[in-house]
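Listed here are the chains, written in short residue letters.
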Amino acid sequence: MNTGSPARAALIALDWGTSSLRAYRLDATGRTLDTRHLPWGIMRLPQPLQDGAASTTLSGFELAFDQACGDWLRAEPALPVIACGMVGSAQGWKEAAYLDVPVDLERIGTLLTVVERPGGTPVHIVPGLIQRHGLPNVMRGEETQVFGVMADEASANADSVLIGLPGTHSKWVNARRGRVTHFDTFMTGEVYAALRGHTILGRTMADAPNADMAAFERGVKVAGAPAGRAGVMSTIFSTRALGLTGELAPESQADYLSGLLIGHEVAALAEMLRQQGELPHIVLCGEPALCKRYLLAMQHYGLGAPEQAQNATERGLWHLAICAGLVSPSTPIPA
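Under an unreviewed UniProt entry, the name given to the protein is Putative 2-dehydro-3-deoxygalactonokinase DgoK1, and the organism recorded is Achromobacter animicus.

Here it is as structure tokens:
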């Protein structure tokens, strides 16, 4: 955490998900002055007794909000607050209705949902996106990262951009000149965690001090090999079988499984792009170690070396706040 900065802030931005809350204090150019990371996701909020405030009537959302940025607001009461993520879901502080895709990114910032806090600063919540054509699909929080990526001039003016957001529910978002046109979701991260923690595949695995990237790459290649044509429901069992035959050490099995799942995801993505007949400008946005894995898989499946975006959430929240009129545009943030 960076504290004690003498610079004046212009905006408080919150990335409030299911399991955690990130708070950013941004200056008049959108640069981050301070950051905080708290464990208060919407499904695990602080309770009055935990905070030694048994008599308070504040909700868990209010308590978490105060821990995240209450002192910032007491020091600078006029600061506007914007928030994205699951805080706007039906289980969140206040539901922010989904906007239909296709949608212009700038329009998202004009349709924020406001949490009125009597005697306190209101919170402006970013809506999620819903795709109704074909199988329905939704995102909440990722739209802000997409805006952060598209705020870069090269991406904003591109005729076709594919933004990859690896994670629990990986998103692949198609954008064209500032407009989200389509997106796909892969539950790769959650399936990996479930298979490792709750199936027989995890029984033969052992923790390793370091990642076995050779095992990971082996899994990536199997996903696209002839054996991989049987599909992910078949190939994942090879994690156990290779261990039983002595071909894969217990410490390597988790990375092999990771490679299989990411390999199947990227192989499916590559096939979809081939069917479209064009290779868009691709940008990855996510945790560096996970992005490294996706980079390896994408290179294997002929998708090249995508650009990697930095600080997309903060950038996205800043530009959405500009669209909402919460802050005034100033000197652009360096890419």
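We are not done yet, so read on.
Digging into the overall build of the protein
Within the protein, the regular secondary structure consists of eleven helices and 15 strands. Taken against the 2.2 N^0.38 rule, which gives 20 Å for 335 residues, the C-alpha radius of gyration of the protein at 22 Å falls within 12% of a compact globule. Seen through its C-alpha atoms, the protein measures out along the principal axes to roughly 65 × 50 × 40 Å. Each of the 335 residues in the protein was classed as buried or not, and the buried ones make up 49%. Considering only contacts within the protein whose residues lie at least 6 apart along the sequence, 63% involve residues at least 24 apart. About 15,700 Å² of surface is accessible on the protein, with carbon and sulfur atoms providing 53% of the total. If you average the places of the 26 positive and of the 32 negative side-chain charges in the protein, the two averages end up 2 Å apart.

Observations regarding the layout of surface pockets
Looking at the largest pocket, its volume works out to about 1,400 Å³. Secondary structure elements with two or more residues in the lining of the largest pocket: strand 1 (11-16), strand 2 (21-26), strand 3 (32-38), strand 10 (137-139), helix 3 (142-150), helix 10 (288-300) and helix 11 (312-324). Each of domain 1 (9-49 + 57-157 + 312-324) and domain 2 (187-309) accounts for three or more of the residues forming the lining of the largest pocket.

Quick notes on the nonpolar core
In terms of nonpolar packing, the biggest core is built from 37 residues, with Ile-82 and Leu-129 touching the most fellow members. Ranked by residue count, the leading element in this core is helix 11, at five residues. Both of domain 1 (9-49 + 57-157 + 312-324) and domain 2 (187-309) provide at least three residues apiece to this core. When sequence neighbours within four positions are dropped, the list of residues in contact with Ile-82 reads Leu-11, Ile-12, Ala-13, Leu-14, Leu-112, His-124, Val-126, Leu-317, Leu-320, Ala-321 and Leu-326. Counting residues in each nonpolar core, the second largest holds 27 residues, with Ala-9, Trp-16, Ala-23 and Val-87 among its members.

Some details on the domain arrangement of the protein
In many analyses, interface size is given as the accessible surface area lost on bringing the parts together. Entries for the protein in the domain assignment read domain 1 (9-49 + 57-157 + 312-324) and domain 2 (187-309). The straight-line distance from the C-alpha centre of domain 1 to that of domain 2 is 31 Å. Contacts between domain 1 and domain 2 engage four residues on the former and four residues on the latter. Summed over the shared surface of domain 1 and domain 2, the result is zero salt bridges. Viewed at the interface, domain 2 and domain 1 are joined by zero residue pairs in polar contact (both at pLDDT 80 or more). Residue classes in the side of domain 1 that touches domain 2 are distributed as two nonpolar, two polar and no charged.

Focus: the sheet that holds strand 8 (residues 123-125)
On the basis of which strands lie adjacent, the open sheet formed by six strands has the order 3-2-1-4-8-7 and mixed pairing. The two strands at the open ends of the sheet, each matched to only one other strand, are strand 3 and strand 7 (113-115). The sheet shows a mean angle of 20° between the axes of neighbouring strands, taken without regard to direction. Direction of pairing for strand 1 relative to strand 4 (residues 81-84): parallel, over a ladder of four bridges. Each residue of the ladder has a partner; that of Leu-14, found in strand 4, is Ala-83. Where helix 1 (residues 60-75) meets the sheet, it contacts strand 1, strand 2, strand 3, strand 4 and strand 8, and its direction lies at approximately 155° from that of strand 3.

Looking at unusual backbone geometry
In this structure, the amide linkage connecting Val-101 to the following residue, Pro-102, adopts the cis form with an omega of 10°. If you trace the backbone, Pro-102 turns up in the loop between strand 5 (99-100) and strand 6 (103-104). Positioned with a positive phi, Asn-311 is a non-glycine residue whose angle comes to about 55°. Within the secondary structure layout, Asn-311 lies in the loop between strand 15 (307-308) and helix 11. For Asn-311, a relative accessible area of 49% puts it in the partly exposed group.

Comments concerning the environment of Thr-18
Topologically, Thr-18 is positioned in the loop between strand 1 and strand 2. Sequence-wise, Thr-18 and Gly-85 are 67 residues apart; in three dimensions their C-alpha atoms are separated by 8.1 Å. Non-local contacts of Thr-18, meaning those with residues more than four positions away in its chain, are made with Gly-41, Ile-42, Met-43 and Met-86.

What to know about the sheet that holds strand 14 (residues 281-284)
Spatial ordering of the open sheet is given by 6-13-12-11-14-15, a layout of six strands whose pairing is mixed. Two strands in the sheet have a free side with no partner beyond their single neighbour: strand 6 and strand 15. Across two bridges, the pairing between strand 6 and strand 13 (residues 179-186) is antiparallel. Considered in strand 13, the bridge of Val-103 is made with Val-180. In this fold helix 9 (residues 253-276) packs onto strand 11 (161-165), strand 12 (170-175), strand 13 and strand 14, with an angle of close to 145° to the strand it touches most, strand 13.

Procedures and definitions
- Residues numbered from 1 in each chain as written.
- Predicted model: local features only at pLDDT ≥ 70, side-chain atom pairs only at ≥ 80, totals over all residues.
- Heavy atoms only, no water.
- Helix = DSSP H or I, 4+ residues; strand = E, 2+ residues; numbered from the N terminus.
- Rg over C-alpha atoms; globule rule 2.2 N^0.38 Å.
- Buried < 20%, exposed > 50% of the residue type's maximum accessible area, 1.4 Å probe, protein only.
- Contact = heavy atoms within 4.5 Å.
- Areas by Shrake-Rupley, 256 points an atom, 1.4 Å probe, with all protein chains shown as cover.
- Lys, Arg positive; Asp, Glu negative; His and termini not counted.
- Charge placed at Lys NZ, Arg CZ, Asp CG, Glu CD.
- 1 Å grid on protein atoms, 1.4 Å probe; cavity = no way out; pocket = protein on both sides within 12 Å on 5 of 7 lines; lining within 4 Å.
- Points joined across faces, edges and corners; volume = space filled by probe spheres on them.
- Domains from an automatic or database assignment.
- Core = buried A, V, L, I, M, F, W, Y, C linked by side-chain atoms within 4.5 Å.
- Salt bridge = Lys/Arg side-chain N within 4 Å of Asp/Glu carboxyl O.
- Polar contact = N/O pair within 3.5 Å; in protein donor to acceptor, adjacent residues only side chain to side chain.
- Nonpolar A, V, L, I, M, F, W, Y, C, P; charged D, E, K, R; others polar.
- Pairing = 2+ DSSP bridges.
- Axes fitted to C-alpha atoms, helices over the stretch in contact; angles between N-to-C directions.

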